Amino acid sequence: MSLKYGLFLPQGFTHELAGIKDPVEAYETLTLLAQTADRSGYDSVWISDHFITAPPSQEMVFECWTMAAALARDTKRVRIGQMVTGNSYRNPALQAKMASTLDVLSHGRLTFGIGAGWYEPDYRTYGYTYPDGPERLRQLQEAVQIILAMWTQEEATFEGNYYQIRGAINQPKGVQQPHIPMMIAGGGEQVTLKLVARYGDACNVSGDLATLKHKFAVLKQHCETVGRDYESIHRTALTLCIIGETDEQARALIPGWAGAVFPGDVGSYGLIGTLETIRKRLAAYESAGVQELVISFSDATHLDDIRRFARTFIM
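The rules behind the values
Each chain carries its own residue numbering, running from 1 in the written order of its sequence. In view of the model being predicted, local features appear only for residues whose pLDDT reaches at least 70, and side-chain atom pairs are presented and counted only at 80 or more, with totals across whole chains, interfaces and linings using the full set of residues. For side-chain calculations, the full set of non-hydrogen atoms in the structure is used, while hydrogens and water are omitted. Two rings from Phe, Tyr or Trp (for Trp, the six-membered ring) form a pair when their centres sit within 6.5 Å of each other. Planes less than 30 degrees apart are called stacked, planes more than 60 degrees apart edge-to-face, and all others tilted. For the purposes of this entry, the term helix denotes a DSSP run of H or I that reaches at least four residues, the term strand denotes a run of E that reaches at least two, and both are numbered from the N terminus. Under the scheme applied here, a residue whose accessible area is under 20% of the maximum for its type counts as buried, over 50% as exposed, and between as partly exposed, the area being computed with a 1.4 Å probe on protein chains only. What counts as an axis is a line fitted to C-alpha atoms, over the stretch in contact for a helix, and the angles between N-to-C directions run from 0 to 180 degrees. We call two directions roughly parallel when the angle between them is under 35 degrees, roughly antiparallel when it is over 145, roughly perpendicular when it lies between 65 and 115, and oblique otherwise. In this scheme the handedness of a crossing depends on how the near helix is turned from the far one: anticlockwise by less than a right angle means left-handed, clockwise means right-handed. Throughout, a contact is declared for two residues whenever any of their heavy atoms are within 4.5 Å. Each residue is assigned to one class: nonpolar for Ala, Val, Leu, Ile, Met, Phe, Trp, Tyr, Cys and Pro, charged for Asp, Glu, Lys and Arg, and polar for all the others, Gly among them. Given the number of residues in a helix, its expected span is that number minus one, multiplied by 1.5 Å. Directions from the helix axis toward the C-beta atoms define the arc. Put simply, a nonpolar core is a bunch of buried Ala, Val, Leu, Ile, Met, Phe, Trp, Tyr and Cys residues held in one set by side-chain atoms that sit within 4.5 Å of each other. Should DSSP find at least two bridges between two strands, the strands are regarded as paired.

With that out of the way, let us pick up the packing of aromatic side chains. Scanning the entire structure with this criterion turns up 14 aromatic pairs. Between Trp 65 and Phe 112, the aromatic rings sit 5.9 Å apart at their centres with planes inclined by 45°, giving tilted as the arrangement. Taken together, the positions of Trp 65 in helix α2 (residues 64–74) and Phe 112 in strand β5 (residues 110–115) put the pair 47 residues apart, joining distant regions of the chain. Classification of Trp 65 by relative accessible area gives buried; the value is 5%. Centroid distance Phe 309 to Phe 313: 4.9 Å. Interplanar angle 50°. Geometry classified as tilted. Of this pair, Phe 309 and Phe 313 both sit in helix α11 (residues 303–313), four residues apart, which is roughly one turn of that helix.

What follows is the structure, given as structure tokens:
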């Protein structure tokens, strides 16, 4: 197995756009990052789906799907994905059609990432109801079935407790066959990973290496229960990268926002340290069962580390 690498674009939680006041400049910055990843050998670029920053501020946050469509046209090779779209924000039938359109715009480069949604200020400030966690997961379970039906059936019908569609036509359905790959994010062992085993083409989990190994073992058991080939599920994880002259120097540069994105002590498991330390961490991720690392660079608006990582570990 050889690791793949994705670039997590900074907005919303990583705050690198904070110093940019011109929205066109901010957009062009994100575009340049995506194009740099495209040219440097990264396999994918990812954008978060939030309306406001965490914590809430006046910093710019671009709408995820509009931005993803622009990136699909701004790049040529990398896959485009959401990390991840919040199910509650859009009707699932409309969401399926949006994804189908984006898959065509990108010539078949979309990975559709979805989760139950979790950031309460997004909901409250924009007027969405914020159900409890179990209800959001039940909604997600219905939504992924509708989305898959819209991608695979001529006239999709679904009668659920939360969503209903009746003879819904979705043309075009996208480019990829048998359908756009669906990544279901989250590490919940009783619901989310079961949904991955039943409906997902990929998963995304976070945490230290022991946590990742455990989550993948749980997913494998769920796959065995439903008769699914575990190896057919693409396993991804989000990590932080800071390249330093020494490990201590790199750890000192861990940004304040990291705790809102990465569980526990990210310095102990992220790609943080010298190039040799990072090389060992990459091997450890691969040994844990990760197939693709989605990398957030501590200051992604400076391209040097993105290119340096690519020269050392990708190209």
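A few words on the packing of helix α6 (residues 192–199) against helix α7 (residues 209–226). Viewed as axis vectors pointing N to C, α6 and α7 meet at an angle of 50°, and their least axial separation amounts to 9 Å. Taken together, the axes of α6 and α7 are oblique relative to one another. As for the relative orientation of α6 and α7, their crossing is right-handed in sense. Contacts between α6 and α7 involve Leu 193, Lys 194, Val 196, Ala 197 and Arg 198 from the first element and Lys 215, Val 218, Leu 219, His 222, Cys 223 and Val 226 from the second. Of the residues belonging to the contact of α6 with α7, the class tally is seven nonpolar, one polar and three charged.

On to α7. Between its terminal C-alpha atoms α7 stretches 26 Å, which fits the 26 Å expected from 18 residues at 1.5 Å a residue. Listed in full, the buried residues belonging to α7 are Leu 212, Lys 215, Phe 216, Val 218, Leu 219, His 222 and Cys 223. Seen end-on, α7 carries its buried residues on one side only, within an arc spanning 160°. When the buried face of α7 is taken as reference, the exposed residues oriented beyond 90 degrees from it are Ala 210 and Thr 225.

Quick look at unusual backbone geometry now. That bond from Ala 54 to Pro 55 is cis: its omega, -5°, falls within 30 degrees of zero. Assignment of secondary structure puts Pro 55 in the loop between β2 (44–47) and α2. Residue Pro 178 is bonded to the preceding Gln 177 through a cis peptide linkage, with omega at 0°. Inspection of the secondary structure puts Pro 178 in the loop between β7 (164–168) and β8 (182–185). With a phi angle near 60°, His 107 is a residue other than glycine that sits in the positive phi range. With respect to the element layout, His 107 can be found in the loop between α3 (92–105) and β5.

One full turn of an α-helix is made of 3.6 residues, so residues set three or four places apart face in the same direction. Within α6, six of the eight residues are buried, which leaves the element mostly enclosed by the surrounding structure. Along α6, the residues classified as buried are Thr 192, Leu 193, Leu 195, Val 196, Ala 197 and Tyr 199.

What follows concerns the nonpolar core. By size, the foremost hydrophobic cluster in this structure holds 97 residues, and its most contacted members are Leu 293 and Phe 309. The biggest single contributor to this core is helix α5 (residues 133–152), with nine residues. The contact partners of Phe 309, leaving out residues within four places of it in the chain, are Tyr 5, Tyr 42, Cys 241, Ile 243, Leu 271, Ile 278, Leu 282, Ile 295, Phe 297 and Ile 314. Counting six residues, the second largest nonpolar core, distinct from the first, contains Phe 51, Ile 52, Ala 54 and Tyr 119.

This brings us to the pairing of β2. Residues Ser 44 and Trp 46 of β2 are buried on one face, and the alternating residues Val 45 and Ile 47, pointing to the opposite face, are buried as well. Relative to β2, strand β1 (residues 4–8) is paired through three bridges, and the arrangement is parallel. Along β2, the bridge assignment pairs Leu 7 with Val 45. As paired elements, β2 and strand β3 (residues 79–82) share four bridges and run parallel to each other. Its bridge partner lying in β3, Trp 46 is registered against Gly 81.

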